[in-house]
Each structure stands twice: as structure tokens, then as C-alpha cells.
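Descriptive analysis of the structure
For reference, the chains in residue letters:
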Amino acid sequence: MAAYLCPPAVIHGEHTVKTSQIVAEVRGRHPHAAWAPRIDGIAASTGIETRGWMLPLETAVAPGTGSGLPAAGIAPAREALAGDGFTEQDVDRVIAALEAIPAQQTVQERTAPAWAAVRSCGERAARGALQIAGLDAADVDGLITSHSTTPALPGLDVALANTLPLRDDVMLLPATQWACVAGTRSLALAADLVAADPDRVVLVVISEALSTTYQPADDTLESLIVRLLFADTAVATVVTGRPRAESVLRLDAAWHHTLPGTQDLHRLETREDGTHFVMDRRGPRAVQETVTAMWEWLRVRYQDDPDSWHPDVLLAHPGGTRVLEYMEQTMPDGWPSGLLDYSRDSYTSGNRGGAAVFDILRRAHDAGQERGSRAVLYAAAPGLTATALAGEWL
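Residues numbered from 1 in each chain as written. Predicted model: local features only at pLDDT ≥ 70, side-chain atom pairs only at ≥ 80, totals over all residues. Heavy atoms only, no water.

The name an unreviewed UniProt entry gives the chain is Type III polyketide synthase, with Streptomyces spongiae as the organism.

Right, dumping it as C-alpha cells:
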């Protein structure tokens, strides 16, 4: 399978949002929610004090440009009120009161600025990755993109093809629904592409504005957790079929897994006020099943050397720290501690979705890895589906 990976470029959301700001905003909006007395403890349990967003918190919580009037408009509302026996003076008062009620943002008001930010940050990451690899846009033969939280057609692939710009014969492969598994699955696909033609150069770009799922009106505990967890990040890397001076990791094998009957545990729903991330409390336990399956894949892959083989670093995005703890508890006997340190470090500034594995990889690279050290990359996503890769540092 051998594919060679250059260090990724990572663009964090430029607007720092403190957990204390989110807590204050949510507490002020939902003072009587069942979880309100526990909000400080819930926030502290995430271990996240700040996260970067592509747009400021004020943008997410701002009212829409409309009002409480029906979508039909003022004239039909007046006619309906008058027909129901209201006096003209009463109608004026009701209309004035409805016009004073701020409406929630519409899907367009919420998504349009986020989509612009996703494109901009994605382009910055792509240019950064090419510069790191010592390549130009003209050298790219294939482009893989993902951006699950800002649906658009055409998508990020076409946007980058025009702005970088890429050659007109470049293979464009958009994967907008990969979500949290985009980091590992895009690398697995890129590895397949360069295996078919080792002279190919594949650029991978993932740009996620997860903050678009911050929905101020939601008052569920799950919505509170979503508000506290997500961060915005754009990442990119170059994958080649032959080693380059800039290559830092060789990918040798990939594994994919889908857990039947779990498609409703985590999902995005588009409603009239935008995108909502719906989370089921059974999710983490289901993700743990994909971890168990990955351990079995690694056991079989390295069964000829079961006593001495272990990864030297494990770059994992299972969706949260609870599953990281499970991974540590279920690792094969004899594996060293600290394999998930870079994964934990990434989570301290938010869940980056599909961009997370690249962020974790960058942290490991910047810390320095010995040549020949072994790496396993793993991610799980709504579905539930997971992809892992095994490789070696160069």
C-alpha cells in the first residue's frame, strides 16, 4: 500500500471562544433548564477552556434579520387579525409587538458566512500543505476534500480548483459526509490512488466549521455538550506514491469498519434555523465496539510478532475523552503508557471533527518522532463507522 505523507498544515479558527463565555451565554438564555445548576461542573468535565472558531461567538447567537411576524408578511397578518374581530387599534398593537420579536437566524443566515470561512480557511491550509511539501498547485493530480457541517454544491473541491488554481484535469473527490472519520479515510483513499499510480500527487483538504451546530434555542443536555465541545479547523496534507525529502510518515495498511444498526446514534439534522448535531448517550459505548474491532485487526496483522510489537504513537479521534480512556483500558498487555498523549492534547482545545487526526499528527510531528517509530491512526464517525491506518515514521 505504501503511501508517503508530508507534514500537514493546520489552520485553527482565528476567533478564541472561552468556555466561560459559552457558559454565561447558555445560562442567561436557559436559566431554568434542568441541567442549569450543574452547568459549571459539566463545562469543567470537558477539560476545554478555549477553542478556536472561524466566526465569533456573537455571530452564532445573533438574532436573524426577520421578526416574529408570520412568513406571509404584514398585510396578510393584518387581514387575518381584522377578520378575527380585532379593532384597527388592536391590530396596530399586535403587529408592532410581533415586529419587535427577533427571529432566529435562518439556515441561509447561519450557513452562508460559515461556508465562506470554510472556503477561505481551506484554501489557506491547502497552500500551506503545498508549501510544506515543496510543490505547486500545478503538481497536484488529485484533490480529496471534506466539509460536513457546511453543505454546498458545488463544494470545497470545486472552490479550491478555482482559487488555487488546479489544473483542469485534476481528479476531484469531494466527501462531504465523512465527518469525524475524514482524516483517516481521506488518507486511506489517497493511498489507494497513489498505489494505482505512484507518480500521482494527492492533496487532501478538510475544513470544518463545527460551530455552525451551536444552536442558541436548544435547551437539551446534549445540545449543551455540543456547544462546549466543538472547534473549527482547516487542515491539509500532500500524499505521494514515492518518498520525497519532505515525507515524514509512510502508510502501510488501512482498515475500515461499520457497525450495523447505529446510524441514528450521532447525526446532523437540518432544521429551519440551521444545522443541529444530535447526540445519543449510547454513542460512546458503540464507538468502543469499533475500538475493540481495531485491536483485533492489529492483533491479526502483527500476529507473527505478538510479544514485541506495539505502536510508538497512537493518533486517535474517537469523538471524546471517554473513549480515549476506554482505549487505554483495553490496550493489549505490555503496550507502553502515553500512546494517546497527543490525542489528549488536541482535545484540550476542542473536538475538531474530521480535521482532528491531522491536528494530532501535526502535534506528534512537531514533538519529534524517531525514524522507524510505528504509528497507528484511528478515527470513528457517525454511522457508526471507523477507519484506521498503520504506518512508520521516516
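**Re the pattern of salt bridges**
As a reminder, the rule being used: Here a salt bridge means any side-chain nitrogen of Lys or Arg lying within 4 Å of a carboxyl oxygen belonging to Asp or Glu. Exposure categories follow from relative accessible area, calculated using a 1.4 Å probe and restricted to protein chains: below 20% of the type maximum is buried, above 50% is exposed, and the middle band is partly exposed.
One pass over the full model with this rule turns up 19 salt bridges. Here Arg244 ties to Glu246 by a salt bridge, and the two come within 3.4 Å at their closest N and O atoms. What makes Arg244 partly exposed here is its relative accessible area of 28%. For Glu246, a relative accessible area of 26% translates into the label partly exposed.

**Examining helix 8 (residues 182–196)**
The condition is simple: Secondary structure follows DSSP: runs of H or I at least 4 residues long count as helices, runs of E at least 2 residues long count as strands, and numbering of each begins at the N terminus. Helices are assigned an expected span. That span is 1.5 Å times one less than the residue count.
The end-to-end C-alpha distance of helix 8, which contains 15 residues, comes to 21 Å, matching closely the 21 Å that a straight helix rising 1.5 Å per residue would cover. Extensive coverage of helix 8 is indicated by the burial of eleven of its 15 residues. Every buried residue of helix 8 is listed here: Ala182, Gly183, Thr184, Arg185, Ser186, Leu187, Ala188, Ala190, Ala191, Leu193 and Val194.

**As for the packing of aromatic side chains**
What counts here: Whether two aromatic rings pair depends on their centres lying within 6.5 Å, for rings of Phe, Tyr and Trp, where Trp uses its six-membered ring; planes under 30 degrees apart make the pair stacked, over 60 edge-to-face, and the rest tilted.
Counted under the stated rule, the structure contains six aromatic pairs. Each ring, one from Tyr302 and one from Trp309, has its centre 3.8 Å from the other, and the planes form 10°; the classification is stacked. You can call Tyr302 partly exposed: its relative accessible area is 21%. Residue classification places Trp309 among the buried positions, given a relative accessible area of 8%. When the ring of Trp309 is compared with that of Trp335, the centres are 5.8 Å apart and the planes differ by 70°; the resulting orientation is edge-to-face. Pair noted here: Trp309 is in the loop between helix 10 (283–301) and strand 12 (313–317) and Trp335 is in the loop between helix 11 (321–330) and helix 12 (341–347), with a separation of 26 residues, a long-range link. With respect to burial, Trp309 and Trp335 carry one shared label: buried.

**Quick look at the packing of helix 4 (residues 74–83) against helix 5 (residues 88–99)**
Put simply, the rule is: Lines fitted to the C-alpha atoms define the axes, with helices restricted to the stretch that makes contact. Angles between their N-to-C directions range from 0 to 180 degrees. These descriptions rest on fixed angle ranges, namely under 35 degrees for roughly parallel, over 145 for roughly antiparallel, 65 to 115 for roughly perpendicular, and the rest for oblique. When the near helix sits turned anticlockwise from the far one by under a right angle, the crossing is termed left-handed; a clockwise turn instead gives a right-handed crossing. Residue contacts are counted whenever heavy atoms from the two residues lie within 4.5 Å of one another. Amino acid classes used here: Ala, Val, Leu, Ile, Met, Phe, Trp, Tyr, Cys and Pro are nonpolar; Asp, Glu, Lys and Arg are charged; the rest, including Gly, are polar.
Look at helix 4 against helix 5: their axes get within 10 Å of each other, and the N-to-C directions meet at 140°. Here helix 4 lies oblique to helix 5, going by the angle between them. Here helix 4 runs over helix 5; the crossing is right-handed. Across the interface between the two elements, Ile74, Ala77, Arg78, Leu81 and Ala82 of helix 4 pack against Val91, Asp92, Val94, Ile95 and Glu99 of helix 5. Its residues assigned to classes, the contact of helix 4 with helix 5 shows seven nonpolar, no polar and three charged.

**Structural notes on the domain arrangement of the chain**
Quick note on the threshold: Domain start and stop positions are those given by an automatic or database domain assignment. In short, buried area is how much 1.4 Å probe accessible area vanishes from two parts on joining, totalled over both. Polar contacts here mean pairs of N or O atoms no more than 3.5 Å apart (in protein, one a potential hydrogen donor and the other a potential acceptor; neighbouring residues in sequence count only if both atoms are side-chain atoms).
Once the domains are mapped, the chain shows domain 1 (3–62 + 105–240) and domain 2 (249–393). Taking only C-alpha atoms, the centre of domain 1 and the centre of domain 2 are 18 Å apart. Each partner contributes residues to the interface: domain 1 has 49 residues there, and domain 2 has 42 residues. When domain 1 packs against domain 2, close to 3700 Å² is buried across both sides, 64% of that on carbon and sulfur atoms. Of all residues in domain 1, the largest losses of buried area upon contact with domain 2 belong to Leu5, Cys180 and Thr184, amounting jointly to 16% of the total for that side. In this structure, the connection of domain 1 to domain 2 is made through zero salt bridges. Across the contact surface, domain 1 and domain 2 share 13 residue pairs in polar contact (both at pLDDT 80 or more). For the side of domain 1 that touches domain 2, the elements supplying multiple residues, two or more each, are strand 1 (3–5), strand 2 (9–12), strand 4 (50–53), helix 6 (107–133), helix 8, strand 7 (201–209), helix 9 (221–229) and strand 8 (232–240). At seven residues, helix 8 tops the list of elements feeding residues into the side of domain 1 that touches domain 2. Here the side of domain 1 that touches domain 2 is built from residues that sort into 27 nonpolar, 15 polar and seven charged.

**Some thoughts on the environment of Trp178**
Secondary-structure assignment places Trp178 in the loop between strand 6 (171–174) and helix 8. Taking the C-alpha atoms as reference points, Trp178 and Ala195, separated by 17 residues in sequence, lie 22 Å from one another. Contact partners of Trp178, with chain neighbours within four places excluded, come to Ile144, Ser146, Ser148, Arg185, Ser186, Leu189 and Ala381.

**A look at the environment of Ala44**
Secondary-structure assignment places Ala44 in helix 2 (residues 39–45). Sequence separation between Ala44 and Trp178 is 134 residues, and the spatial gap between their C-alpha atoms is 29 Å.

**Side note on the pairing of strand 10 (residues 266–271)**
Under the convention used in this document: The pairing criterion is simple: DSSP has to find at least two bridges between the two strands.
With six bridges joining them, strand 10 and strand 11 (residues 274–279) adopt antiparallel strand pairing. Counted as the bridge partner of Arg267 is Val278 from strand 11. In sequence, strand 10 turns back onto strand 11 through a hairpin of two residues.

**Notes on the nonpolar core**
To keep it simple, the criterion reads: To qualify as a nonpolar core, a set must consist of buried Ala, Val, Leu, Ile, Met, Phe, Trp, Tyr and Cys residues joined through side-chain atoms within 4.5 Å.
If you look at the biggest cluster of nonpolar residues, it comprises 36 residues, and the most contacted ones within it are Leu187, Leu249, Leu377 and Trp393. No other element matches helix 8, which puts seven residues into this core. Looking at which domains feed residues into this core, each of domain 1 (3–62 + 105–240) and domain 2 (249–393) supplies at least three. Excluding residues that lie within four positions of it along the chain, Leu377 makes contacts with Thr184, Leu187, Leu249, Leu315, Val357, Thr387, Ala388 and Leu389.

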